[in-house]
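One-letter residues, chain by chain:
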Amino acid sequence: MRYLRVRQDQYRVLSFGLILLGLYLAINGLPALLGHPVIVSDNLTQNNPLRFLAGEIYRSGHLPTWNIFAWSGTPLLAGFNAGVFFPLEVLYLVLAPVPAFIIFISILECTFAIGMLRLFERLHFNPQASRIVAFFAPILSYFASQSVHLDMLGGLAMLPFMVSAILRLSEEPSAKNSLRQGVIFGTSYALVVLSGAPEAMLYEGIFVALVLLMVAISFKIRVKRLVTFLAIAALVAILLSSAQLIPGYSFITASQRGSHPFNYAAAGPFYPISFISLIAPFLFGGPGSVLPNYFGPYVFEEITIYIGIIFLALAIWTLLRIIIPTGSISPAIDLGSEEQQTRRYLRILTIAAVISTLLALAAFTPLESLMLYVPIYNRQRLPSRNIFALDFLLSIYSVPALSNLFARRRIDKTLFWIVGGLVVAIAMANGLLLAFTKTFVAAVDGGGRTHYPLKAILLSSLFEILLLVGFIGIFATKRPRLKKVIQRRLLVGLFILDSAGFAFQSYLGEHTPTSTIMATNSYAKTFANIVKKSYGRYGLYDPNLYYYGDLLKIGTPNLNVYNSISSIQGYSSLSLGNYEAVTSSHQQASFDPTLLVSPLGKAIALSIVATGSLYLNNFNTGSPNPVTIPNASQMTPGLTNSPLTTVHESNFVGQTIKTNRILIDFAVFNPATGSLENSTTLYDRSIKSIGVSLNGSKKIHYGRLTSQSAIGTTGIIQYTYTLNQPTTFNQVLATQTIPKSGNLGQSIEAGISFPVANGYITLNSPLTQYLTPQHYHLVTTLGSLEIYQRNTAPLVTMPAVANPSNPSEFAAPPIVNASNMPRLIASSIKLDGSMTYKFSASKPTVVTISQTWAKGWMIANQAASGSSGSQAMPAQECGVFICFSIPAGVSNIHASYKQPHLSLALATSGLGLILIVVLLLLSKDSDSGESKRTKNKSIKRQK
């Protein structure tokens, strides 16, 4: 039996990788030990909880194909973001979510560093300089900025391996090498797909395609070898990733992204001003707690391409020597033993990076109209992410300059001027910020703030300038006075300071307690208990996402998988298009407010609503102004069936108020003229009573009409009701009788306001007309949030709840509708999404259950005990829900979700694994020295 012989350089890479992994574990693990793991943004609300859920379903003995907690039920595997088949998902099977995440992200950082090191070897760079840049690449650069997207990191970690495989293809003309590199490339790209980021497949696919095309042309790779490489790479990538790709593609066509064009050139481009992040990443603030909140263009994580200020200076130095002919400036760059080949490689990577940068700028280039027709690119959602290629290129360029610096031990004039130019550029950027601060703030905050704390930003930029000064101080001498070892250690110290400063001002500076990450704090537990007792789902209403930061404390839809409560909302790349179309719930804290009072809201079991006073009332300064009047169709809803209709106008204020006056605005609408009439002679006596109460108390404080006045020529009459004394309340109750729509002189109550000490409060916010005491009552407040519960019980009270003996079994979704309603005897739903219902019906009946329909739902009916077999039934689509027919008598219904084409997908991926093993055996060199001899012959021919 032949044992695998590991070469010496592979041992070195392995030992280097283990050291890196230990360092990255320490970097990511230390905040966790201090109670604040580096799990923020999308990792907090999407990637980590979805991977935890997938691990829980795996442990229950099922494949994680369905998510019962989000969007009233939605596909999990096909949604990509859970990364169900990514190899590192195994961590969530054996570890708790926090340690699993820390090890997960540390392994990805280590993988990216090893990949960069292997790429530098292909470019024949100095080993010591290569190791330094490879170590810092994952904790600086675009990779670090994207650390808030675990799925994106999984894709980016494979990038250097794909580029290395392409470069290696040009070095060895053998057929075995084409096979081997095709397998490496295909496996790497398959891992990009399995990582769970559909975007990374597109961004990296474009870049590596450009590199491959230019390598094939520049090195004149024979068509046979190129076709072999492409065929093997494509076959391996498609087969191996089929487990994710086939289900995912079927979901995309049924998702919210399958119903409209994918022309996103103007949606999320890279703003040109964001290039300033290369030298001053925190000029517009940042996500960390030590800086002002980011107030620049777009999103901090998507536009920050900081590779380190010293690394940038080194990269510019290399770039100048690649562009300017050798001998024009001194000293010439040393690109290692294969200089000509390395120069060709660098030119290819430069051209590919420039093209990717233009694609990232998208709408900011004159080529925008043409970009819409570029294949693959025109299906991207965030073109700004193509900027990763520029960051990737600059990291590569920094290595030769660092190697040259180690050899010469001093800075030449060119590098000195580069450093000086960067210092001036940083100073100018901060000067412009100071000069135009009010303009910047007004553009972002609508002029709401008149000042902004800039001290931290200026100190951050000063820190970078000091780093450059220290760099000059170490190397700017004609004859080096410091020993070589000391010089290098001091330089590495500057790199550590630079990366530490960047990390703590960005992703390490965001403080997220473990109790929030795991939704175990008192807010989350209280909220979960309220939802569970309601036997329904909850909705979060905060369209200005995280205006109320306490949303994270009670748990967003995905965070609440830890508490096993269901939401009408979700947060991932894909959601079912039919469900989103009727609920407008793709965002994790938004939904159509009409769901609060519509039949659909009851059907999806929207029982609990968490929101804040911002969406129930507005505080205004100055004197009360009339409320904006809605159009006539909104003013007279549902008043066409009777000549006289009694309407109860009731509104929650959303916060406790103390006042002694209530102002009511009336619109006097004349249907004959189609306009509002301003006339106190049409004084409306339709208000029968008006009063206030606190927290729904039965004790109501009634007010009496004391004055009326016309508001200019607005067509609005304002009535003042006075309470006997200043009263504390948070609920308004008004009873109004309105004549049938169309009668001349009808008056419609248009808004209520309350004078308070510093101004007045109006009830004219989005939820005011829906979140009313007729439908909801205030349960409690959790920090800045108010929790409301529907007054009416679920459509069908579920007799069975979670099975105590089976922790993976939960209360089943309620029955939405049933003609000739049967008697529900028992019901439950398991973690994998399978549901059981036991009915007793007097006649054949169609039953609809509150679980979102998707292709793949199957129904089986086990008849009454004593009968044999089970009858397969098709799951029908009734609106957005699952429905099915049951016969007369007792029926035991079992509903389960079978991911379409899953068997084919798994079989295809299994075939891909077998193919990889076979191809690696076929491509294995018969002699350990054959590969090296072939490579040397190839180089001689090229020379």
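Right, let's walk through the structure included here. Per-chain numbering applies: the sequence of each chain, read as written, is numbered from 1 onward. Local features are withheld for residues below a pLDDT of 70 in this predicted model, meaning they are given only at 70 or higher, and side-chain atom pairs are given and counted only at 80 or more; totals for whole chains, interfaces and linings count all residues. Just so you know, side-chain values use all the structure's heavy atoms and leave hydrogens and water out.

A few words on the packing of aromatic side chains. Two numbers describe a pair of aromatic rings. These are the distance of the centres and the angle of the planes. Ring pairs shown here join Phe, Tyr and Trp side chains whose ring centres sit within 6.5 Å, with only the six-membered ring taken for Trp; geometry is labelled stacked below 30 degrees between planes, edge-to-face above 60, and tilted in between. Applying the stated criterion across every chain, the model contains 34 aromatic pairs. Each ring, one from F136 and one from F311, has its centre 6.0 Å from the other, and the planes form 50°; the classification is tilted. Highlighted residues: F136 in helix α5 (residues 127–136) and F311 in helix α13 (residues 309–323), separated in sequence by 175 residues. Whether a residue is buried, partly exposed or exposed follows from its accessible area with a 1.4 Å probe, protein chains only, as a fraction of its type maximum: under 20%, in between, or over 50%, in that order. Taking relative accessible area as the criterion, F311 reaches 4% and is therefore assigned buried. Taken together through their ring pairs, the aromatic side chains of Y24, F135, F136, F311 and F495 make up a single cluster. Charge over a ring is defined by NZ of Lys or CZ of Arg lying within 6 Å of the ring centre and within 35 degrees of the ring normal. It is R344 that lies over the ring of F219; its NZ or CZ is 4.0 Å from the centre. The side chain of R488 reaches across the aromatic face of F406, ending 4.4 Å from its centre. Secondary structure is summarised from DSSP: a helix means a run of H or I of at least four residues, a strand means a run of E of at least two, and numbering begins at the N terminus for each.

Turning to the nonpolar core, a few remarks are in order. In this structure, F207, I309, L314, I396, F471, F527 and F884 are the most contacted members of the largest nonpolar core, which totals 237 residues. Considering every element that reaches this core, the biggest residue donor is helix α4 (residues 97–122), with 15 residues. For the domains described, the bounds stem from an automatic or database domain assignment. In this structure, this core is formed jointly by two domains, domain 1 (1–34 + 85–507) and domain 3 (798–805 + 817–897), each of which donates at least three residues. Contact between two residues is taken to exist if any of their heavy atoms lie within 4.5 Å; hydrogens are not considered. Excluding anything up to four places from it in sequence, L314 contacts Y397, S398, A401, L402, L405, L415, F471 and F495. To form a nonpolar core, buried Ala, Val, Leu, Ile, Met, Phe, Trp, Tyr and Cys residues must be joined to one another through side-chain atoms within 4.5 Å. Residues I662, I664, I717 and L723 belong to the second largest nonpolar core, which totals 18 residues.

Following DSSP output, two strands are said to pair if at least two bridges run between them. Within the open sheet, the four strands sit side by side as β3-β4-β15-β14. Their pairing is mixed. The open sheet is flanked by β3 (537–540) and β14 (776–782), the only strands paired with a single partner. In this sheet, adjacent strand axes meet at a mean angle of 25° when their direction is disregarded. Examined bridge by bridge, strand β4 (residues 606–611) and strand β15 (residues 785–790) share four bridges and lie antiparallel to one another. Counted as the bridge partner of A610 is I787 from β15. With respect to the sheet, helix α22 (residues 522–534) is in contact with β3, β4, β14 and β15, its orientation differing from that of β4 by roughly 155°. With axes taken as lines fitted to C-alpha atoms, and helix axes fitted only over the stretch in contact, angles between N-to-C directions fall between 0 and 180 degrees.

So, about unusual backbone geometry. The phi dihedral of Y546 falls on the positive side, at around 70°, and the residue is not glycine. As for its placement among the helices and strands, Y546 is situated in the loop between β3 and α23 (550–554). Look at Y546 and you get partly exposed, because its relative accessible area is 29%. Positive phi is not limited to glycine here, since A605 has a value of about 60°. Inspection of the secondary structure puts A605 in the loop between α25 (599–603) and β4.

A few words now on the pairing of β15. In terms of burial, β15 is a largely internal element, five of the six residues being buried. Inspection of the sheet shows β14 paired to β15 by six bridges, in the antiparallel sense. In the strand pairing of β15, H777 is matched with Q789. The turn joining β14 and β15, which pair antiparallel and follow one another in sequence, is formed by two residues; a positive phi near 65° is taken by G783.

Throughout, a disulfide means two cysteine sulfur atoms within 2.5 Å of one another. Counted according to the given criterion, the structure contains one disulfide. Here C878 pairs with C883 through a disulfide, and the sulfurs are 1.9 Å apart. Handedness of the C878-C883 disulfide follows from its S-S torsion of about 65°: it is right-handed. Overall, the relative accessible area of 0% leaves C883 in the buried class.

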